[in-house]
Each structure stands twice: as C-alpha cells, then as structure tokens.
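# Structural features, examined
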Amino acid sequence: DTGVSQNPRHKITKRGQNVTFRCDPISEHNRLYWYRQTLGQGPEFLTYFQNEAQLEKSRLLSDRFSAERPKGSFSTLEIQRTEQGDSAMYLCASSSRTSQETQYFGPGTRLLVL
Amino acid sequence: ILNVEQSPQSLHVQEGDSTNFTCSFPSSNFYALHWYRWETAKSPEALFVMTLNGDEKKKGRISATLNTKEGYSYLYIKGSQPEDSATYLCAFIGGGSSNTGKLIFGQGTTLQVKP
C-alpha cells in the first residue's frame, strides 16, 4: 500500500502525559499537512510542511504542540502535558507540487485523554 | 475568519433516491474547492478538486458544480446506494493560502442510505 500511513491508530493517555504521533506520507510528496478533527466538526488545519520546512502553523497549535519533518520524509506531531481538550482525531495529509493538487489523507490517530 | 458551511448536517434517504448537499464559502478571494468522502474507520477519500467558476465534475454517480461568484458548490448523488453512506466534506482554499494549500473544512454532511 503506497497511501499515507499514520501510527498509532488509537492512543489513550492520562492527562499530563506526552504523546507522539507519526505520519508517513506518499513517497515523493513534498507537501505534508496536519489537521485535527473534534466531534461534530470538520477537520481544522494545524500545520504545513514543504519538504523539511514548517511554513505555516495555526494559532490552534499552542506551545505544547510541536511538529517536525526531518529530512522531508515522515513527520511527527508531539503533544506535551496533554489536556482533556486535546482529545480528537489527528489527520495527516500529503500532496505534490501545487496547492491545487489533491491532498491524500491517512486514516488518522484517535487520541483520548483521560 | 473564513467560514465554510455545509447543509444539511445529516440526511437519511432510501436506496435509489437521488440527493444533493450544499457547501457555501467566501465568494471573494477564491482559489480552490475540494470535496471528500469519509467513511467510518477509513481515510478521507478525495472526490473532486474544483478551481474554475462553472466547473462541473463527475465520478460515477457523483457529480459536483461550482459557483465562485456566489460562493457555493453542490454535490449530487444519483440513485444512492448503501455504500454511499459516509460523511461528505467540502474544503475551501482562499487566495491567501494559495501557496500552502491550507484547507478550511465545512462541518460535513452525514449521509445514511437505507436498503
């Protein structure tokens, strides 16, 4: 399967713990996005990478959130000191070339903070 | 603040019915509109990317139209089947995000097709 993959698919953690999610985009896609979806809402943009450079971050991305894309391949999203409000589906997407190209989504990581 | 609205929020139809949903978005500074289908426990699947006013796109029994001047897009499903049951999302890219491709999503329309 050459689609976008995300790990883990599910994560349950206690408030205050740190969590890290991984996204493997479609190979050769230079654009990578993270979105977050909470119940009853559409996905919300978190951050965007072009190759290894993080070019845009949403104001939703507090200082507890950090994302990296070393070497322009896979990406990680870390949440420090998790809060119950962080419970959501975290989606990763990748695309090539231009911003009018289709973004291909992974299956998401569902986070539950107890 | 850019607002993308979808209606209805949910829809229940019988197998064989045709149906349509609406996505409204800011009419100024338009760059592109995406439609996705998202089935439970799967990845959102891209349906269409629409960029020009008057665009009409078709994929099997699903089609979409775009009116950028008035800021709306319609998604049509002809002869709904149970496998069409999913949440349908539209997502807008404004001119200010033309470099990044940041998607602004509506809240989705959830379709249930009863056999």
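Above this note sits the structure.
### Quick notes on the state of the cysteines
Residues and elements named next belong to chain A. Scanning all chains against the criterion turns up 2 disulfides over all chains. Two residues share a disulfide in this structure: Cys23 and Cys92, whose sulfurs sit 1.8 Å from each other. Disulfide Cys23-Cys92: torsion about the S-S bond near -65°, hence left-handed. In this pair, Cys23 is assigned in strand β3 (residues 19-24) and Cys92 in strand β9 (residues 88-95), connecting sequence segments 69 residues apart. Each member of the pair Cys23 and Cys92 is classed as buried.

### Observations regarding the sheet that holds β3 of chain A
Residues and elements named next belong to chain A. Read across the open sheet, the 4 strands follow the order β1-β3-β8-β7; overall the sheet is antiparallel. Sheet topology places β1 (5-7) and β7 (65-68) at the edges, where each strand pairs with a single neighbour. Ignoring which end each strand starts from, the neighbouring axes of this sheet average 15° apart. Pairing between β3 and strand β8 (residues 75-79): 5 bridges, direction antiparallel. Paired with Val19 across the strands is Ile79, a residue of β8.

Definitions and limits used
- Residues numbered from 1 in each chain as written.
- Chains lettered and ligands numbered in written order.
- Predicted model: local features only at pLDDT ≥ 70, side-chain atom pairs only at ≥ 80, totals over all residues.
- Heavy atoms only, no water.
- Disulfide = S-S within 2.5 Å.
- Helix = DSSP H or I, 4+ residues; strand = E, 2+ residues; numbered from the N terminus.
- Buried < 20%, exposed > 50% of the residue type's maximum accessible area, 1.4 Å probe, protein only.
- Pairing = 2+ DSSP bridges.
- Axes fitted to C-alpha atoms, helices over the stretch in contact; angles between N-to-C directions.

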